[in-house]
Amino acid sequence: MKNILVTGGCGFIGSNFIRLALESLTDARIINLDKLTYAGNLANLDDLDADLDADLDESQRYKFVLGDICDSELLGKLFAEEQIDTVVHFAAESHVDRSIDGPSEFIQTNILGTFALLEAARKSWVVRDAGRGTRDAENQVEQFRFLHVSTDEVYGSLGDTGLFTETTPYDPRSPYSASKASSDHLVSSYYHTYGLPILMTNCSNNYGPYHFPEKLIPLVINNALNGKELPVYGDGKNVRDWLYVVDHCTAILKVLQKGRIGETYNVGGNSEKQNIEVVQTICDILDEKVEPLTAGQPRRSLIKFVKDRAGHDRRYAIDASKIKDELGWQPSVNFDDGIRMTIDWYLHNPAWIACVLDGSYQEYYQKMYGGR
Ligand code: NAD
Ligand code: TYD
């Protein structure tokens, strides 16, 4: 039985990952450590709790722990009591606009939190290794994994051509990407200095179920359903490479099981789109599926070009050939199918949207978009 510590498992990608990992890794226990910030919602795993409650054996395979990755004491206790041998580290402040408005939380969680987690992992790994009484290098790497989930934003901004590879120099431009770059360097240093068996993934923009409606795709779906303006930053021609979240989670599982220790794998969706294309596509699909709020008014008429984001990266695009060649992973969902599945999920889950859009979201929205 593997004991996997998932950090940030109540967020968008973490919750999708836990659902998939419990299905696929039948010999694993998952301990989900999450602080439940505005972005972490227990509702993201509601269905899972119901399934697990029905089956006693299953319920022993999943445990939620409310806590902060910066809390070293709690981490030390968790590693020891739960016999953690695998870490999948998602917990982070993840929204670029919020990092521009207030970078401090990003430094705290993304850098200091990752540092605290690495320290706890290193101490526990050394103790576990000594307990086995061998210093056999192969045996050590068999036993422990620390997988750090990062972003393509650490590589900076591309022009019209070119792709990010694993060897592209880091050139972060926002407080968010700078904090993730910093955490990547720390993770890498724990491999080179201490031999901690780390793995790293740098992926492109995810989309899919349980995506918090501050990010482009869920924000546009939610606003378009409610007849609100659809804010497009600048000229709308910035490009992102969209990756369906379940594909990202299968890539993480692949890297966890087969990745070479100390390596980084880029994960992308092979789906580059300009923001304006994404917004128009969502409008058109919703027009097909749902009556407009005002008869005869196509949803594209809600599009509003607004003041650009400061330091807005122009284009991100991933070369995912390393993970394909080494591990046989490639995305299985193209954007046309993925965006329809995503829209259908939001249409079928109005209660989830209502639950995550509390008063603080309304305040956030007013602050971000009120004067734009
Ligand atoms: P998210 O914002 O939806 O979720 C983050 C989760 O971490 C939340 O559940 C939150 O409560 C938790 N958390 C935050 N601070 C914490 C702390 N100090 N201690 C414990 N838990 C804490 O993020 P996401 O979109 O699911 O992203 C997950 C990871 O993937 C992040 O590391 C992010 O940088 C990376 N990533 C995301 C994308 C994307 O498109 N969403 C792309 C590339 C990489
Ligand atoms: P976002 O979902 O915030 O992800 P990231 O900044 O990590 O790429 O934004 C995706 C793109 O959409 C990015 O180029 C900024 C743009 N954008 C808008 O045009 N309007 C919006 O309201 C938001 C949230 C983003």
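Everything discussed here concerns the structure shown above.
Residues numbered from 1 in each chain as written. Chains lettered and ligands numbered in written order. Predicted model: local features only at pLDDT ≥ 70, side-chain atom pairs only at ≥ 80, totals over all residues. Heavy atoms only, no water.

S.K.: Explain the pattern of salt bridges here, please?
M.R.: Side chains carrying opposite charge are able to pair once their charged atoms draw close together. Going through the model one piece at a time under the given rule, you end up with 21 salt bridges. Notably, a salt bridge pairs Glu 272 with Arg 315, separated by 2.8 Å at the nearest N-O pair. Highlighted residues: Glu 272 in strand β12 (residues 272–274) and Arg 315 in the loop between β13 (303–306) and α12 (321–327), separated in sequence by 43 residues. Here Arg 315 falls in the buried class, since its relative accessible area comes to 8%. Linked by salt bridges that have partners in common, Arg 260, Glu 263, Lys 322 and Glu 326 make up one network. (Salt bridge = Lys/Arg side-chain N within 4 Å of Asp/Glu carboxyl O. Helix = DSSP H or I, 4+ residues; strand = E, 2+ residues; numbered from the N terminus. Buried < 20%, exposed > 50% of the residue type's maximum accessible area, 1.4 Å probe, protein only.)

S.K.: Before we go on, may I ask you to explain the sheet that holds strand β1 (residues 2–7) in this structure?
M.R.: Within a sheet, each strand pairs with its neighbour through backbone hydrogen bonds, oriented either parallel or antiparallel. Taken in spatial order, the seven strands of this open sheet run β3-β2-β1-β4-β5-β6-β11, and their pairing is parallel. This sheet does not close on itself; its edge strands, each paired only once, are β3 (62–66) and β11 (264–267). Each strand of the sheet is rotated relative to its neighbour by a mean of 20°, with strand direction disregarded. Where strand β4 (residues 86–89) and strand β5 (residues 145–151) come together, four bridges link them in parallel fashion. The partner of Val 88 across the bridge, within β5, is Leu 147. Against the sheet, helix α1 (residues 12–24) touches β1, β2 (28–34), β3 and β4, its axis set at about 165° to β2. (Pairing = 2+ DSSP bridges. Axes fitted to C-alpha atoms, helices over the stretch in contact; angles between N-to-C directions. Contact = heavy atoms within 4.5 Å.)

S.K.: Can you walk me through the packing of helix α9 (residues 216–225) against helix α11 (residues 275–289) in this structure?
M.R.: Helices that pack against each other are described as a pair by the angle of their axes relative to one another and the distance between those axes. Closest axis-to-axis distance for the α9/α11 pair is 10 Å, and the angle between their directions is 40°. Relative to α11, the element α9 is oriented oblique. As for how α9 packs across α11, the hand of that crossing is right-handed. Packed against α9, whose contacting residues are Leu 216, Ile 217, Val 220, Ile 221, Ala 224 and Leu 225, the element α11 presents Asn 275, Val 278, Val 279, Ile 282 and Leu 286 at the interface. Across the contact of α9 with α11, the residue classes break down as ten nonpolar, one polar and no charged. (Parallel < 35°, antiparallel > 145°, perpendicular 65-115°, else oblique. Left-handed = near helix turned anticlockwise from the far one by under 90°. Nonpolar A, V, L, I, M, F, W, Y, C, P; charged D, E, K, R; others polar.)

S.K.: Would you mind showing me how to read α9 here?
M.R.: Since the α-helix packs 3.6 residues into each turn, any two residues three or four apart lie on the same face. Burial of α9 is extensive: eight of the ten residues sit out of reach of the surface. Turning to α9, its buried residues are Ile 217, Pro 218, Leu 219, Val 220, Ile 221, Asn 222, Asn 223 and Ala 224. Buried positions along α9 lie against β7 (206–207), β8 (230–233), α11, α13 (335–348), α14 (350–356) and α15 (359–369). Directly beyond the C-terminal end of α9, a positive phi value near 70° is found at Gly 227.

S.K.: When you look at the pairing of β8 in this model, what are you seeing that I'm missing?
M.R.: A regular strand places its side chains on the two faces of the sheet in alternate fashion. Because side chains alternate across β8, one face comprises the buried residues Leu 230 and Val 232, and the other comprises Pro 231 and Tyr 233, equally buried. Bridge count between β8 and β13: four bridges; the pairing is parallel. Among the inter-strand pairings, Tyr 233 is bridged to a residue of β13, identified as Val 306.

S.K.: Please explain the side chain of Asn 266 as it appears in this structure.
M.R.: Mapped onto the fold, Asn 266 is located in strand β11. Separated by 3.2 Å, the side chain of Asn 266 and the backbone oxygen of Phe 164 make a polar contact. A polar contact is formed between the side chain of Asn 266 and the backbone oxygen of Thr 165, at a distance of 3.5 Å. Residues within four places of Asn 266 in sequence aside, it is in contact with Tyr 155, Phe 164, Thr 165, Glu 166, Asn 202, Ile 318, Asp 319, Ala 320 and Ile 323. (Polar contact = N/O pair within 3.5 Å; in protein donor to acceptor, adjacent residues only side chain to side chain.)

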